[in-house]
Amino acid sequence: MPVPIVQLDQVHRSYRMGDEMVYALRGVSFEIAAGEYVAIMGPSGCGKSTLLNLLGCLDRPSSGTYRLAGDDVSSMDDDALSTIRGTRLGFIFQSYNLIQQLTVLENIEVPLFYQGREEGESREIAQRLAARVGLGHRLGHKPMELSGGQQQRVAIARALANDPRLILADEATGNLDSTSGREILALFDELVAQGRTLIMVTHDPAVGERAHRIIRLRDGLLETDQRR
Amino acid sequence: MKRSLMLTRLKRSVRLGLRSLWLHRLRSFLTMLGIVFGVCSVIAMLAIGEGASYAAQEEIKSLGSQNILLRSVKPPEEEKVQGRRENYILSYGLTHEDVRRIEKTIPSVELVLPARVMREYVWNISTRVDAEVVGTFPNYPRTRNHQVARGRFFTNTEMDAAENVCVLGAEMARRLFPLHEPVGRDVRVGQHYYRVVGVMEARTKAAGAGAEHSGDASSGGSSPAADRMFIPLETARRRYGEVLANRRQGSFEAQRIELHEITVKVAKPEDVVPVSDVVRDLLSKNHKKKDYDVVVPLELLKKAERTKRIFSLVLGSIAAISLLVGGIGIMNIMLANVTERTREIGIRRALGAKRQDITTQFLVEAVILSGVGGLLGVALGVTIPFVVSRVAEMKTIITWGSPVAAFTISALVGVIFGLYPALRAAKMDPVEALRHE
């Protein structure tokens, strides 16, 4: 039996906010197999973002374990987590999060740079990915000169730069008009079809419908886990 | 392999840093100014200080570092006596007896050179020059390290025969004979004519000031620096006798002085100080009054070096303070920079940047600021002394060490003051940083 790409076991995450303790996740357990297309949904404040940060190795659980492709990530140090983010994960954010002073090509190259790829090689990869998301003609532009949909496509190309197995999208279509949103979702379908695992956080049921599996959270607990 | 990878990374970090600094050109430039002025003032001040101390040291060296100079000085209590009795002949100073004693009793002395110094007008037809006529021995050039430029110095034969020959100082030769070669011509002092046999080489301004100092003994006053004309000591004795009348001041005033100066040349430099002690001792035993003065150029040189060290220390502290201020400026701007780019830091961390990568990025920016500032400061600091020496005609010396040191320190300032903001950037929680607007 293949190792699931994500294994969460009784994951808790609490933090102090002023004088109060906030229990964002109160014991969440699930597994996601490689190649799945999962939507995480729920009302705001249910712990979606906290869960995504944990899945993205930007944060560590207060207790419980998180295994990424079999490796226990919850006990890794900061450098090791950085390497995991850079090599095994791809991030797509609601507000694109491109670096404004860099060009399209340079933005796509950022993850490659931190993995110490050679300049020529990384340039080649970035060009190929830009072409793949349909921006081969905009390589020298700054993010500000692009539409929202184009910026999000740059972000997708950047997420694919190091050829990660798991892609995490946080309200990826939240800032986009419906046409651009559809284009992005079509790209997601393609990625899944190629065998990548995609986890997205959304509050839009129409977007959630695209996924093969919907995990709903409520008050830091798993509410439902539907496969379709 | 690993090394070249680090090098490419560094190269890219530098490129990235330059770019983000260029994005805020004015801010970066103003920040740099602190370092520019710090570095530039260090170099300029050191160059001017070095030039001044070089001039002072040259002056002392022109007296000869192996020499001990003895000078006749009017004893202070005699002046009161003179005030009461106008026609009193003052008798004081160094004697031929002193010369003999020094020669006989101190073994490590190489040469003892006596000299008489008379303040006189030296004439060429109708051109007049105020000069010091120095009666001395033929080995003066060697002892005082002052060479003959043209012609020759007078010889022992001329000395013994008390001939009327002279060697002119460079400046007075130029003024007396603006159009002709002075060697072979005559100059007049009083009623006597002297044949010019040579011209001394020019001394620096500073060395001229040294001559002024030694001139005090002869005129007993504060007359301006005069060039020297050298005649054989024997000639001087015959022409002037032992009593010198000062005809320049209002009342008649006469002094009996055997010798104005004695130069004691010591064979080995390390013996200079002990020999000077012995000489002092010897003179104090044989002179009832303190009518002489002992100058040891080597001691002066050491004193000058000590002064220079203190001077450099003061300059160094000023430099340190100005660079500190520059560094604080860098730190300030880098902290603002880090806060402004919090989100970028978050993005980079999410995309795989390690803490160390973030530290490097911001540190490189700080070092670029201070490094470029340092380079500009060096350029400016090298230019200023050049301009100063042109405009103010002051000697300035830029030692190669001062730009190198100033630049190195400014780069270090970048590292030290850039480190805290860079570490702060690296320590940020990626989740928090990504949430930052």
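Residues numbered from 1 in each chain as written. Chains lettered and ligands numbered in written order. Predicted model: local features only at pLDDT ≥ 70, side-chain atom pairs only at ≥ 80, totals over all residues.

### Regarding the overall build of chain B
Then comes step 1: Along chain B, the regular secondary structure elements total 15 helices and 13 strands.
Then comes step 2: Taking all 437 residues of chain B together, the buried fraction comes to 41%.
Then comes step 3: Residue pairs in contact within chain B that sit at least 24 positions apart in sequence constitute 81% of those at least 6 positions apart. (Helix = DSSP H or I, 4+ residues; strand = E, 2+ residues; numbered from the N terminus. Buried ≥ 20, exposed ≤ 12 C-beta atoms within 10 Å, placed from the backbone. Contact = placed C-beta atoms within 7 Å.)

### Overview of the overall build of chain A
Then comes step 1: Within chain A, the secondary structure is distributed over 7 helices and 10 strands.
Then comes step 2: Taken over the C-alpha trace, chain A has a radius of gyration of 17 Å; the compact-globule value for 228 residues is 17 Å, and the two agree within 12%.
Then comes step 3: Principal axes of the C-alpha set define a box for chain A whose edges measure 45 × 45 × 40 Å.
Then comes step 4: Per-residue burial over chain A gives 47% buried out of 228 residues. (Rg over C-alpha atoms; globule rule 2.2 N^0.38 Å.)

### Here we look at the packing of helix 4 (residues 96-105) of chain B against helix 10 (residues 272-286) of chain B
Residue and element names in this part refer to chain B.
Then comes step 1: In the contact formed by helix 4 and helix 10, the axes pass within 11 Å of each other and the chain directions differ by 135 degrees. As the angle between them shows, helix 4 and helix 10 are arranged oblique. The handedness of the crossing between helix 4 and helix 10 comes out as right-handed. Along the contact surface, helix 4 presents D98, R101, I102 and T105, while helix 10 presents V279, L282, L283 and N286.
Then comes step 2: Within the contact of helix 4 with helix 10, the residues separate by chemical class into 4 nonpolar, 2 polar and 2 charged. (Axes fitted to C-alpha atoms, helices over the stretch in contact; angles between N-to-C directions. Parallel < 35°, antiparallel > 145°, perpendicular 65-115°, else oblique. Left-handed = near helix turned anticlockwise from the far one by under 90°. Nonpolar A, V, L, I, M, F, W, Y, C, P; charged D, E, K, R; others polar.)

### Notes on the packing of helix 11 (residues 297-340) of chain B against helix 13 (residues 355-391) of chain B
All names here are of chain B.
Then comes step 1: Interaxial distance between helix 11 and helix 13 falls to 11 Å at its minimum, and their mutual angle equals 145 degrees. When you trace helix 11 past helix 13, the crossing you get is right-handed. In contact with I330, M334 and V338 of helix 11, helix 13 contributes F362, E365, A366, L369 and S370.

### Brief notes about the sheet that holds strand 1 (residues 6-17) of chain A
All names here are of chain A.
Then comes step 1: The antiparallel open sheet is built from 4 strands, whose spatial order is 2-1-4-5. The open sheet has two edge strands, strand 2 (20-32) and strand 5 (71-72), and neither has a second partner.
Then comes step 2: Where strand 4 (residues 63-68) lies against strand 5, 2 bridges are found, and the strand directions are antiparallel. Opposite R67, over in strand 5, you have D72 as the bridge partner. (Pairing = 2+ DSSP bridges.)

### Some words on the interface of chain B and chain A
Then comes step 1: Across the boundary between the two partners, chain B contributes 20 residues, which contact 21 residues of chain A.
Then comes step 2: Listed by contribution, the elements that provide at least two residues to the side of chain B that touches chain A are helix 1 (2-23), helix 12 (342-350), helix 13 and helix 15 (430-435) of chain B.
Then comes step 3: Element by element, the count of residues in the side of chain B that touches chain A is highest for helix 1 of chain B, at 7 residues.
Then comes step 4: Its residues assigned to classes, the side of chain B that touches chain A shows 8 nonpolar, 3 polar and 9 charged.

### Overview of the sheet that holds strand 3 (residues 37-41) of chain A
Residues and elements named next belong to chain A.
Then comes step 1: Read across the sheet, 6 strands follow the order 6-7-8-3-9-10 without closing on themselves; strand pairing throughout is mixed. Both outer strands of the open sheet, strand 6 (89-92) and strand 10 (221-227), are each paired with one neighbouring strand and no more. Sheet twist, expressed as the average angle between the axes of neighbouring strands with direction ignored, equals 15 degrees.
Then comes step 2: With 4 bridges joining them, strand 3 and strand 8 (residues 197-201) adopt parallel strand pairing. Paired with A39 across the strands is M200, a residue of strand 8.

### A look at the confidence of the model for chain B
Residue and element names in this part refer to chain B.
Then comes step 1: Here chain B averages 84 in pLDDT, and 89% of its residues register 70 or above.
Then comes step 2: Confidence, read as mean pLDDT per element, is least for helix 8 (residues 205-219) in chain B (38) and greatest for helix 12 (95).
Then comes step 3: Note that residues 205-224 has pLDDT below 50 and, in this model, 37 contacts with residues that lie over four places away or in other chains.
Then comes step 4: The ipTM value of the predicted complex is 0.95, and its pTM value is 0.74. (pLDDT = per-residue confidence, 0-100.)

### Points about unusual backbone geometry
Apart from glycine, the bulk of residues carry a negative phi angle, and the bulk of peptide bonds sit in the trans form.
Then comes step 1: Its identity as a non-glycine residue notwithstanding, A:Q10 has a phi of 50 degrees, on the positive side.
Then comes step 2: Along the polypeptide, A:Q10 turns up in strand 1.
Then comes step 3: For A:Q10, a count of 13 C-beta atoms within 10 Å puts it in the partly exposed group.
Then comes step 4: A positive phi is found at B:I125, a non-glycine position, where the angle reads about 55 degrees.
Then comes step 5: With respect to the element layout, B:I125 can be found in the loop between strand 3 (109-124) and strand 4 (127-136).
Then comes step 6: Judged by local crowding, B:I125 falls into the exposed class, with 9 C-beta atoms found within 10 Å.

### A short note on the pairing of strand 2 of chain A
Residues and elements named next belong to chain A.
Then comes step 1: When strand 1 meets strand 2, the two strands line up antiparallel, connected through 10 bridges. Its bridge partner lying in strand 2, M17 is registered against E20.
Then comes step 2: With antiparallel pairing between neighbouring strands as the criterion, strand 1 and strand 2 make up a hairpin whose turn holds 2 residues, including G18 at a positive phi of roughly 65 degrees.

### Describing the pairing of strand 1 of chain A
Then comes step 1: Where strand 1 of chain A lies against strand 4 of chain A, 5 bridges are found, and the strand directions are antiparallel. Within strand 4 of chain A, the residue paired with A:D9 across the bridge is A:T65.

### Details of helix 1 (residues 48-55) of chain A
Residues and elements named next belong to chain A.
Then comes step 1: Burial within helix 1 is extensive, with 7 of its 8 residues counted as buried.
Then comes step 2: When we look at burial in helix 1, the residues that qualify are K48, T50, L51, L52, N53, L54 and L55.
Then comes step 3: One or two residues past the end of helix 1 sits C57, with phi positive at roughly 60 degrees.

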